[in-house]
Amino acid sequence: MHQLTGYVDRWSARAGERIRFMISSVEDRPYSLRFVRHLCADPNPDGPGYREIAMPTRLDGSRAGKFQAARPGSYGRIDALALTAPGGLRLAATIWPTLPSLGRQVVMGIDVAGVAIRLEISSHGGAALSVDTHRVEISASMLARRWYGIAATIDTANGTLLIEQKPLQPVGAIVDGGRQALRVKLPTIAGTGRVFIAAALHGNTAEAHYNGKIEQPRIAALDGIRLAEWDFSKGIATQRIVDIGPQSAHGLLVNLPTRAMTGSNWSGAIHDWKSAPEQYGAIHFHNDDMGECGWSESFALDVPNDWPSGFYAAHLSNGAGEDYIPFFVRPARGARKADVAFLVPTFSYQVYSSFVRPGRGAEIRERALSWGALLETPDLNPQFGLSTYNSHADGSGVAITSMLRPQLDTRPRQMSLMDPAPKGSGTGRINCDSYVIDWLDRAGIAHDVLTDHDLHEEGLAALEPYRVLICAQHPEYHSLRMMEALEQFLRRGGRLMYLGGNGFYWRAEPSIDAPHALEVRRAEGGIRVWATEVGESYHQFGGVYGGLWRRIGKPAHGLVGNGFSTQGRHLGFPYNFTEGIRDPRVRFMTAGIENAAAPGAVFGDSGVMGGGAAGFELDSADPRYGTPPNALVVAKGVVIHDDFRWVNEDMLIHRHPRPQEEWSCADMVFFETPAGGAVFSAGSMTYVGALPPDGYGNVCAKLTMNVVRRFMDPTPFA
Ligand SMILES: [Fe+2]
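Residues numbered from 1 in each chain as written. Predicted model: local features only at pLDDT ≥ 70, side-chain atom pairs only at ≥ 80, totals over all residues. Heavy atoms only, no water.

**Some thoughts on the environment of H286**
Here is step 1: Looking at where H286 falls in the secondary structure, it is placed in the loop between β24 (282-285) and β25 (299-302).
Here is step 2: Distance from H286 to M22, taken between C-alpha atoms, is 25 Å for residues 264 residues apart in sequence.
Here is step 3: Here H286 is in contact with G73, S74, Y210, N211, T258, H392, D394 and S396, once residues within four sequence places are set aside.
Here is step 4: A polar contact of 3.3 Å, which involves the side chain of H286, links it to the side chain of H284. (Helix = DSSP H or I, 4+ residues; strand = E, 2+ residues; numbered from the N terminus. Contact = heavy atoms within 4.5 Å. Polar contact = N/O pair within 3.5 Å; in protein donor to acceptor, adjacent residues only side chain to side chain.)

**Some remarks on the sheet that holds strand β36 (residues 517-519)**
Here is step 1: Here we have three strands laid out as an open sheet, ordered β29-β36-β35, and antiparallel in their pairing. Single-partner strands in this sheet number two, and they are β29 (400-402) and β35 (509-510).
Here is step 2: Bridge analysis of β35 against β36 gives two bridges, and the strand direction is antiparallel. Within β36, the residue paired with P510 across the bridge is L518. (Pairing = 2+ DSSP bridges.)

**Focus: the pairing of strand β33 (residues 495-498)**
Here is step 1: Here β33 shows two buried faces, one formed by R495 and M497 and the other by L496 and Y498.
Here is step 2: Note: strand β31 (residues 468-471) against β33, four bridges, orientation parallel. Across the sheet, the residue bridging to L469 is L496, located in β33.
Here is step 3: Alignment of β33 against strand β44 (residues 678-681), held across four bridges, turns out to be parallel. Of the residues in β44, the one forming a bridge with Y498 is S681. (Buried < 20%, exposed > 50% of the residue type's maximum accessible area, 1.4 Å probe, protein only.)

**As for the domain arrangement of the chain**
Quoted interface sizes are often the accessible area lost when the parts come together.
Here is step 1: Taken domain by domain, the chain comprises domain 1 (4-70 + 296-326), domain 2 (75-285) and domain 3 (559-669 + 681-718).
Here is step 2: If you average the C-alpha positions of domain 1 and of domain 2, the two centres end up 43 Å apart. (Domains from an automatic or database assignment.)

As structure tokens, then:
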């Protein structure tokens, strides 16, 4: 377990704004704190050279530590329900368990006047009822992913406990229902109680988390009077659960379970929950859902006015552990802005973060130690939850990701994987995106940074001060507002440089109720490790249709000229110039590299990511998907390699519709936009790794810098 870590309450802040830090130090050990600005965050001694600048503050120095626990597992919580029922109680719910054989899982837990009542799945997989130490259970276990009605009767007047389990989709040959009664002397139930749904209260925390869907949990008095009934089809976009009973005992959801899930009455005819919410009255709970850790604030930074816009981190260390907690600083409101802005892809960072890859921590440990890089990885710290690249323990996909938890694989001074290239860095996210910052800094190009979260919040206004917007190595996830802001920026004559691969691919939308969370529904096509279940392709946050922007109607090709078409291992290959490089429209690209920039000539054949500029995930041009007719392909990085395969959304039959050289490549694209703007797209995820070789003086870096300088020039493109 990580000995010293934490998180921030926001991805970015302007000078003068406050960022709060929540820190956990095991055994309450004190730690030392300092702040740094990163120019190059790559720890590889054979890479471009790690560069951090100390940024002293009055917070620096030794600080008292406090251990704060992370507790995954989602549930619903109702803090007060009047449960006076002289004859007894009846509890019921409709459930779709996904791991009935996992062990004890509580569907509904009530604590009232010192009496603990649990309607649960027993360790044998059947429904069970316990009232304090009295217990009755059904021996027939439930089947996974099928609907059941379960009900418990607590007859205090006659001293009887009864549990019932009824399959709603009976199989015939399999016995998966039953009822069981027990005569026992029972305490009277009277008072105001606390109710947990999908977990039970244990001390001050939740335990025995349930996995699967729950619909219509309800409590009645034995004389038939309804006490509470939670209708999960109400408030689907929120973290509130609505009681339609007489007490209006509404509750809150904890740890972001998944809503807008098909219910037991789903007909199959409706796929958009907004059209028939009553068929979407189920919530899917998981024992590994993680919302916010809920830690208390350890310190807060008011970003000093003289801090330049850029990549920053709070560095924590003591004898037991070390961490860098990243954040991004924007220029103060009203301050003079640079011409160039770098868009930090914090939506993509957050969607990827906490990607548990079993064995990764052990695999990188030796190299990370020798580099002085951070050692902790999500697989070593499952307490912080999962990424949307993981599946839950019950096999369902992780659709929601929170930033209010330590995102251990989204740190500076970190390697992500064992790079197969000699002297390769194996970097991702902040570390490889910092190559662009390092490169601009060394070239003396003034630049600001802003984040995806700023772009979503402010729309076009966030981009308006800038002439040139540089998008990062892997800007894969965007909301509709972000896509529209980028389109508007280009329509107004903005210049966009996309230096990555597999960009502008999936929709991700934030929650209004829980702004720290993003949701991704992996509908229809797309390279993905899980797929949405049938009928569940509409987001709970905002109710929009999920999936690929290409399928929703805003393909990357239309925005930047190329789109995802092939993927393979983390290997990099060179580009070759095409005849397009001779076009007078792109003469500015070849200044100082005239001899190297000849059709057919190779460049980008070295790099700190996979060993070359074209690799890992590649984007090609295709007019059918929206590449503009004036787009010029100036270079191609064709990768014909056993491990590089097509994206499944291109496959209609067992043969790819186009020749392999046309899709298994990165197309370097340039085109002018109507108001004097332009777009340059590299189309490869290892491209930024090809900038550093030769002190950022190689052909790939020179060509790209020529683009930066021309894009900074206000002279309109033809
Ligand atoms: Fe990706």
